[in-house]
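Chains, contacts and geometry: an overview
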Amino acid sequence: MSAASQVVSAETIRLNAICPYFTMFPLDFPLDILREHARPNARVLDPFCGRGTTNFAARLLGLRTVGIDASRVATAATQAKLVAPTPGEIVDLARVLLRRRRKAVKIPEGEFWSLAYHSDVLRDLCLIRDALLKDTIAAHVAAALRGIVLGALHGPIGRTKHSYFSNQCPRTYGPKPAYAVKFWTKRGLLPPRVDVLAVIAERAHRYYGNTSPKIVGAAIEGDSRQRSTLDEAREIIGKFDWIVTSPPYYGLRTYLPDQWIRNWFLGGPASVDYTSEGQISHSGRDRFVADLREVWANAGAHCRPGATLVIRFGSIGDRLVEDPAELIMASLETTGWVVMDIRHADNAARGKRQADTFHRKRSAPCDEVDVWAKWQP
Ligand SMILES: C[S@@+](CC[C@H](N)C(=O)[O-])C[C@H]1O[C@@H](n2cnc3c(N)ncnc32)[C@H](O)[C@@H]1O
């Protein structure tokens, strides 16, 4: 028997879109794998969870799941998909936070911030930010509100109705300040006076109006190369049966700086953060392979015998130094994982290439592969 008996409706999958991220894989990829092959009580790990697509697929199928990511934006987006407050609870929380004393709140200053957000909107965002950082608010409601604000933080200005809080921006990544200021000034674009509570209410109903209540899962902010991070994951759900994951594409180093505005909302600095703390190293092929090997070995140590690992992987543009499949196979050597199958994403059943979701200039076509392995230490 597999998890296939779970019914997944169009309404329940809306939550997957709560916060854009890049290089996410399509929901169908983990959903089809788990639906077809996982037992109803299987436990699912993603050690590079990004915006939590695998974890959300597991949740839809009623499976226990943990996601790990070195980026706090990624883990906040994932955590928001592993809770089930009512829309009313989320809106009530936002309303209470927006009524708080306004004097004490710290508001970022400078040309970027004054052009990115209307002053009333920025003050409201800071009130919510401060409260979510300081308070012990019911964790599941706070996680949902955090995810909603992150998803609405920047995006295009609507013609008739505002769905995002910012001046004209990309949805997926935060633009660099100097570029954004030039862009807005040249076009005479001013930030709209958005009704923050109305945007939150609309999104709360869209994303949490039809969620399934049964969830066992969590997102951990941490480095999957560290044994202790995997220990923590195992403590939450027990030994893993499935790992469906997508490590950072080789050569893509901008996961943290590109999310700098969302990172600010979660307590980071009000300027671009160029650090790459906790991220897999891209300094060279051998180091990259060695880093991945540590993750597979650590995760394997907490797997049940016969557990399955599915890795979707590619590399971008000029950093394609070798066949991605070879690189993943090298990273699996001596780890206890035995490769069972390799499918090139072009001929893989799921079709849609993860690289198509890259931002800015489209990446040069790159080979994407799905590598399947079994835990046989
Ligand atoms: C390709 S993305 C994963 C996207 C995910 N499949 C989704 O659908 O959203 C790779 C992720 O690995 C994370 N990452 C990089 N190094 C890491 C590490 N050492 N430990 C945990 N996560 C890491 C990055 O922050 C990034 O979110």
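Residues numbered from 1 in each chain as written. Predicted model: local features only at pLDDT ≥ 70, side-chain atom pairs only at ≥ 80, totals over all residues. Heavy atoms only, no water.

Considering the packing of helix α6 (residues 119–134) against helix α7 (residues 139–152)
Here is the rule we go by: Angles here are taken between N-to-C directions and fall from 0 to 180 degrees, while the axes themselves are lines fitted to C-alpha atoms, restricted in helices to the stretch in contact. Secondary structure is summarised from DSSP: a helix means a run of H or I of at least four residues, a strand means a run of E of at least two, and numbering begins at the N terminus for each. If you view the pair so one helix is near and one far, a crossing is left-handed when the near helix is turned anticlockwise from the far one by less than a right angle, and right-handed when it is turned clockwise. Should any heavy atoms of two residues lie within 4.5 Å, those residues are considered in contact. When residues are sorted by character, Ala, Val, Leu, Ile, Met, Phe, Trp, Tyr, Cys and Pro go into the nonpolar class, Asp, Glu, Lys and Arg into the charged class, and all the rest, Gly among them, into the polar class.
In the contact formed by α6 and α7, the axes pass within 11 Å of each other and the chain directions differ by 145 degrees. For the crossing formed where α6 meets α7, the hand is left-handed. Packed against α6, whose contacting residues are Leu125, Ile128 and Leu132, the element α7 presents Ala142, Leu145, Arg146 and Val149 at the interface. Partitioning the contact of α6 with α7 into residue classes produces six nonpolar, no polar and one charged.

With respect to the environment of aspartate 241
Where we set the bar: Only protein chains enter the accessibility calculation, which uses a 1.4 Å probe. A residue is then buried if its area is under 20% of the maximum for its type, exposed if over 50%, and partly exposed in between. Here a polar contact is taken to be a pair of N or O atoms separated by no more than 3.5 Å, where protein atoms must pair a possible hydrogen donor with a possible acceptor and residues adjacent in sequence count only if both atoms sit in side chains.
Within the element layout of this structure, aspartate 241 appears in strand β4 (residues 240–245). On the basis of relative accessible area, aspartate 241 is assigned to the buried category, the value being 7%. Taking the C-alpha atoms as reference, aspartate 241 lies 9.3 Å from asparagine 41; in sequence the two are 200 residues apart. Non-local contacts of aspartate 241, meaning those with residues more than four positions away in its chain, are made with Arg39, Asn41, Ala42, Arg43, Arg304, Ala307 and Thr308. A polar atom in the side chain of aspartate 241 sits 2.8 Å from the side chain of arginine 304.

Brief notes about α7
Definition in use: The span you would expect from a helix comes to 1.5 Å times its residue count less one.
Its 14 residues place the ends of α7 20 Å apart at the C-alpha level, agreeing with the 20 Å of an ideal helix rising 1.5 Å per residue. Most of α7 sits out of view: eleven of its 14 residues are buried. Of the positions making up α7, those classed as buried are Val141, Ala142, Ala143, Ala144, Leu145, Gly147, Ile148, Val149, Leu150, Gly151 and Ala152. Those residues of α7 that are buried are in contact with α3 (72–80), α4 (87–98), α6, α9 (196–208) and α11 (260–265).

Focus on the site of the ligand
The condition that has to hold: We call a residue near a molecule or strand whenever a single non-hydrogen atom of that residue lies within 4 Å of it. Surface accessibility follows the Shrake-Rupley procedure with a 1.4 Å probe radius. Residue values consider only the protein chains on display as shielding.
Around the ligand, 25 residues are found, and the nearest of them are Tyr21, Arg51, Thr53, Asp69 and Gly278. Interatomic distance of 2.5 Å between a side-chain N/O atom of threonine 53 and an oxygen atom of the ligand. Aspartate 223 is positioned with one of its side-chain polar atoms (N or O) 2.9 Å from a nitrogen atom of the ligand. Starting from 600 Å² of accessible surface for the ligand in isolation, the protein chains cover 100%. Among the residues forming the shell around the ligand, the class breakdown is eleven nonpolar, ten polar and four charged.

Geometry only, nothing functional implied.
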